[in-house]
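These are the residues of each chain, in order.
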Amino acid sequence: MILLKTELKNLLKQVKIPLTPQRRDLIIKAFEFAEKAHQGQKRKSGEDYLSHCIATATILASIGMGSKTIAAGLLHDVPEDTPITLGEIKKEFGEDIHNLVEGITKLGKIKLKETKEEYLIENLRKMFLAMAADIRVVIIKLADRLHNMRTLEFNPPEKRPRIARETMEIYVPLADRLGIGEIKAELEDLSFKFIDPKNYKMVKKLRDDYYKEGEKFNNQAIRELEKEIRSRKIKIAKIYGRAKNLRSLFLKLEKREMDIGRIYDLIAIRIIVPTVSDCYEVLGITHKVYRPMVGRIKDYISLPKPNGYQSIHTTIFGPEGRIMEVQIRTQKMHDEAEFGIASHWIYSENKKRDWKNYFRSKETYSENEVTWIKQLREWQNEIGRDNKAFLEGLKIDFFKNRIFAITPKGDVIDLPEEATPVDFAYEIHSEVGDSITGAKADGKMVTLDYKIKNGQMIEVMTSKDKKIPNRKWLEFVKTSNARAHIRKQLKRSDEII
Ligand code: MN
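The rules behind each value
Residues numbered from 1 in each chain as written. Predicted model: local features only at pLDDT ≥ 70, side-chain atom pairs only at ≥ 80, totals over all residues. Heavy atoms only, no water. Helix = DSSP H or I, 4+ residues; strand = E, 2+ residues; numbered from the N terminus. Contact = heavy atoms within 4.5 Å. Axes fitted to C-alpha atoms, helices over the stretch in contact; angles between N-to-C directions. Parallel < 35°, antiparallel > 145°, perpendicular 65-115°, else oblique. Buried < 20%, exposed > 50% of the residue type's maximum accessible area, 1.4 Å probe, protein only. Pairing = 2+ DSSP bridges. Expected span 1.5 Å × (residues − 1). Phe/Tyr/Trp six-rings, centres within 6.5 Å; stacked < 30°, edge-to-face > 60°. Lys NZ or Arg CZ within 6 Å of the ring centre and 35° of its normal. Core = buried A, V, L, I, M, F, W, Y, C linked by side-chain atoms within 4.5 Å. 1 Å grid on protein atoms, 1.4 Å probe; cavity = no way out; pocket = protein on both sides within 12 Å on 5 of 7 lines; lining within 4 Å. Points joined across faces, edges and corners; volume = space filled by probe spheres on them. Nonpolar A, V, L, I, M, F, W, Y, C, P; charged D, E, K, R; others polar. Salt bridge = Lys/Arg side-chain N within 4 Å of Asp/Glu carboxyl O. Left-handed = near helix turned anticlockwise from the far one by under 90°.

Asks: Could you give an account of the overall build of the protein, naming the residues involved and the relevant values?
Replies: Looking only at helices and strands, one finds 20 helices and eleven strands in the protein. Long-range pairs, those at least 24 residues apart, make up 66% of the contacts in the protein between residues at least 6 apart in sequence.

Have a look at this one:
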C-alpha cells in the first residue's frame, strides 16, 4: 500500500463518479506528473504552483466530472508553464487527455480586449464554445478561472479589474448557459467584488445584517417544516437555508429602489426530497404550516425555466410573519441546478454501470466520455423536446459556416469557412492585406491560399515595400471584404501604370 499525500487523498474524496481502480490510478498518475513538472514553481500567492492544479481538479471532481477531465485539470498548465510538451502528455496519457490539455492551452491565449461592444463580447463567448470542440475543455477552463478568481488579490491591483471584467463578461454567462449554478454564482460574486467594490461592500453589509436579524426565524421555520414533513413519512435528503448570491441580490435591489424589504427570496429554505410527488406533497405541507403569499407559487417542475431549471418555489409568511421563500426539488433537479451539464456525467455514469458487479465482471469500463455535441443532444432529449429553448444560446448551427482564428496577440478574427491567410490579413486591416507576403498557422509556414482551420493562431508576414495585391488572390479569397480591397488596389495600380 503506497501512502498518498493528503492533498491527493482529499482530491480523491471529492470524486463523485464511481472511482474504479483505473480511474483512481489515472488521477494519481496525473497528480504525480504535474507535481514533478511544476516542481519549484510558485504562485503569486507564494504557494506551490501545484496547489492551483489541485484546486482546479478538485472543483472538477466536486461537480461530478470524470477522471479524464480531472486528470486534464491537474495537467492543464503543464505545456504552457513547464518544459514538458504536449507531445509528452500524449505519450504518457493518450489522445483524449492530450486533446483536452491542448484545448485549454489554446483557450488560454484569448483575452478580452478593452471593448464594451456587446456583439464583440458575444462573439468571443461563441468562439470560446466553438473552439473548445469538446465541452469538457470549457468546464476545465471555468474551474481554472474560478481558482484564479479566488486568488485574484495576489495579482497587482492594476491587473485585477480587467481580469474580473473578463470573468463577468465571458465566464459567468458560459457557466450560466451550461447550467453550472454553483460556479456561476461564485464567479459572479468574485468579479463583482473587484469591478464594483463599493456596491459589493454595501450589498454584503445589507445582506449580512439582514441575516443576523433573520437567522433565528429561518432556523425556526426549518425546524417546524422538518418536523411536519417527517411526520408524513417523507424522507428529507436535505433541508437548509441558502444565501442569495450578492451580485443577483444587487441587480434585484436596483429594480426595487434598493429596498431590501421588497426582496422575498433573500432567505430561502431549500428542501430536497426523493421523488417528484414528494415535492408536491411537501408544497402542501408547507402551506399548511405557513400561509402562502398569493401569486407567488411557481411550479418550475411542470414548466421548467428556459435553462432547464426545475423546482417548486413558494413565498410564505414564516415565524412571526417573516416573509421567506421555500424551494422544493428532487436530488436530480438539485444537481442539475448546481452542476448543470456536468451533472449529466454523474447520472450517465451511475446509470450505465452496475458498480456492485464491477469486481465480478471482467469487463473493463472505459470512461466513454463522448463529444460535447452528442452530450448536449442527449441532455436535451432528457429534459424534453419542449425545452429546446434552453440550448438556444449554444446554437451549434451558428458555428457551421464560421471559423475563428486568433492573432498572436489573442484577438479573435471571425471568418467564413475555408477562409485563407489573405482573408485574415484583410480582416485585420486593408494595409496588412495589401502587403502580405507569407503566413504561419500555429507556428508552421503555410501558403497564402491555405484553408484556415477553426481555432488556429495565424501570424501574417508583411513587406514594407509591397503595397499591391496579387491578382491571383481573387481566385481563392472567401470574404467580400478581401475581394473588394484587392479589386480596388488593382484598379488603382492599373491607373498609375
Ligand atoms: Mn491555470
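Asks: Explain the packing of helix 2 (residues 21–37) against helix 4 (residues 67–75) residue by residue, including any values.
Replies: Packed helix pairs are specified by the crossing angle of their axes together with the interaxial distance, meaning the distance between the axes. Between helix 2 and helix 4, the least distance of the axes is 8 Å, while the angle of their chain directions is 5 degrees. By the criterion of interaxial angle, the relationship of helix 2 to helix 4 is roughly parallel. Counted together, Arg23, Leu26, Ile27, Ala30, Phe31, Phe33 and Ala34 of helix 2 and Ser67, Lys68, Ile70, Ala71, Leu74 and Leu75 of helix 4 form the full contact between these two elements.

Asks: Pulling in residues and values, what's your account of the pairing of strand 5 (residues 312–317)?
Replies: Within strand 5, five of the six residues are buried, which leaves it mostly tucked inside the rest of the structure. Of the pairings in the sheet, the one linking strand 3 (residues 291–292) to strand 5 comprises two bridges and is antiparallel in character. When the sheet's bridge partners are listed, Arg291 is paired in strand 5 with Phe317. Across six bridges, strand 5 lies against strand 6 (residues 323–330) in antiparallel orientation. Paired with Ile316 across the two strands is Met324, which belongs to strand 6. Connecting strand 5 to the next strand, strand 6, in antiparallel fashion are five residues, including Glu320 with a positive phi near 55 degrees.

Asks: Can you tell me about the sheet that holds strand 11 (residues 458–462), naming the residues and giving the values?
Replies: Here we have three strands laid out as an open sheet, ordered 10-9-11, and antiparallel in their pairing. Each end of this open sheet is capped by a strand with a single partner; those strands are strand 10 (444–446) and strand 11. The average angle at which neighbouring strand axes cross in this sheet is 35 degrees, direction not considered. Of the pairings in the sheet, the one linking strand 9 (residues 436–441) to strand 11 comprises five bridges and is antiparallel in character. Looking across to strand 11, one finds that Lys440 is bridged to Glu459. Packing against the sheet, helix 18 (residues 421–428) makes contact with strand 9, strand 10 and strand 11, and its axis sits at approximately 105 degrees to strand 9.

Asks: How would you summarise helix 11 (residues 181–195) if you had to cite specific residues and measurements?
Replies: Owing to its 3.6 residues per turn, the α-helix brings residues three or four apart onto one side. Compared with the 21 Å implied by 1.5 Å per residue over 15 residues, the 21 Å span of helix 11 between its first and last C-alpha is a close match. Listing the buried residues of helix 11 in full gives Ile183, Lys184, Leu187, Glu188, Asp189, Leu190, Ser191, Phe192 and Phe194. In this structure, the buried side of helix 11 is in contact with helix 3 (50–62), helix 9 (135–150), helix 10 (160–177), helix 12 (197–231) and helix 13 (246–255).

Asks: Provide a residue-level description of the pairing of strand 9, including the pertinent values.
Replies: Across three bridges, the pairing between strand 9 and strand 10 is antiparallel. Residue pairing for strand 10: Ala441 is matched across the bridge by Lys444. In this antiparallel pair of consecutive strands, strand 9 and strand 10, the connection spans two residues, and Asp442 shows a positive phi of 45 degrees.

Asks: Can you break down the packing of aromatic side chains residue by residue, with the values?
Replies: This model, assessed by the stated rule, comprises four aromatic pairs. Ring plane angle 85 degrees and centroid distance 5.3 Å describe the contact between Phe33 and Phe93, whose orientation is recorded as edge-to-face. Of this pair, Phe33 sits in helix 2 while Phe93 sits in helix 6 (residues 86–93), and the two are 60 residues apart along the sequence. Accessibility assignment for this pair places Phe33 and Phe93 in one class, buried. Between Phe192 and Tyr200, the aromatic rings sit 5.6 Å apart at their centres with planes inclined by 75 degrees, giving edge-to-face as the arrangement. A relative accessible area of 1% means that Phe192 is categorised as buried. In this structure, Arg291 is placed above the aromatic ring of Phe317, and the distance from its NZ or CZ to the ring centre is 4.4 Å.

Asks: Go over the nonpolar core with me, naming the residues and quoting the values.
Replies: Generally speaking, soluble globular proteins have nonpolar side chains that are buried together. Membership of the largest hydrophobic core comes to 72 residues, with the highest contact counts inside it found for Leu75, Ile97, Leu142 and Ile183. Apart from residues lying up to four places away in sequence, Ile97 is in contact with Leu26, Lys68, Ala71, Ala72, Leu75 and Ile89. Core analysis: the second largest hydrophobic core is formed by 25 residues, Leu225, Ile316, Val326 and Ile328 among them.

Asks: So what's going on with the layout of surface pockets? Which residues, and what values?
Replies: Over the atoms, a rolling probe the size of a water molecule traces out where space has been left empty. In this model, the largest pocket occupies a volume close to 1,200 Å³. Lining the largest pocket we find 47 residues, and of these Lys184, Lys244, Ser248, Lys305 and Tyr309 sit closest to its centre. Sorting the residues of the lining of the largest pocket by element identifies helix 11, helix 12, strand 1 (238–243), helix 13, strand 6, helix 15 (331–339) and helix 17 (372–383) as the ones contributing at least two each. At seven residues, the largest contribution of residues to the lining of the largest pocket is made by helix 11. Class assignment of the residues belonging to the lining of the largest pocket gives a composition of 14 nonpolar, ten polar and 23 charged.

Asks: Describe the side chain of Thr315, listing the residues and the values that go with them.
Replies: Looking at where Thr315 falls in the secondary structure, it is placed in strand 5. Judged by its relative accessible area of 1%, Thr315 is buried. When neighbours within four sequence positions are excluded, Thr315 is seen to be in contact with Tyr264, Arg291, Pro292, Met293, Arg296, Ile323, Met324 and Glu325.

Asks: Outline the pattern of salt bridges, listing residues and values.
Replies: Under the counting rule described, the total for this entry stands at 23 salt bridges. Put simply, Arg262 and Glu257 hold a salt bridge, and the shortest N to O gap is 2.7 Å. A relative accessible area of 35% places Arg262 in the partly exposed class. In the salt-bridge network here, residues are joined through shared partners; they are Lys68, Asp96 and Arg136.

Asks: Summarise the packing of helix 12 against helix 14 (residues 276–289); cite the residues concerned and give the values.
Replies: Here helix 12 crosses helix 14 at 130 degrees, and the two axes come no closer than 10 Å. Viewed along their axes, helix 12 and helix 14 adopt a mutual orientation that is oblique. The chirality of how helix 12 crosses helix 14 is right-handed. Of the residues in helix 14, those touching helix 12 at Leu225, Glu228 and Ile229 are Val282, Ile285, Thr286, Lys288 and Val289. Here the contact of helix 12 with helix 14 is built from residues that sort into five nonpolar, one polar and two charged.

Keep in mind that these numbers describe shape and distance, not what the molecule does.
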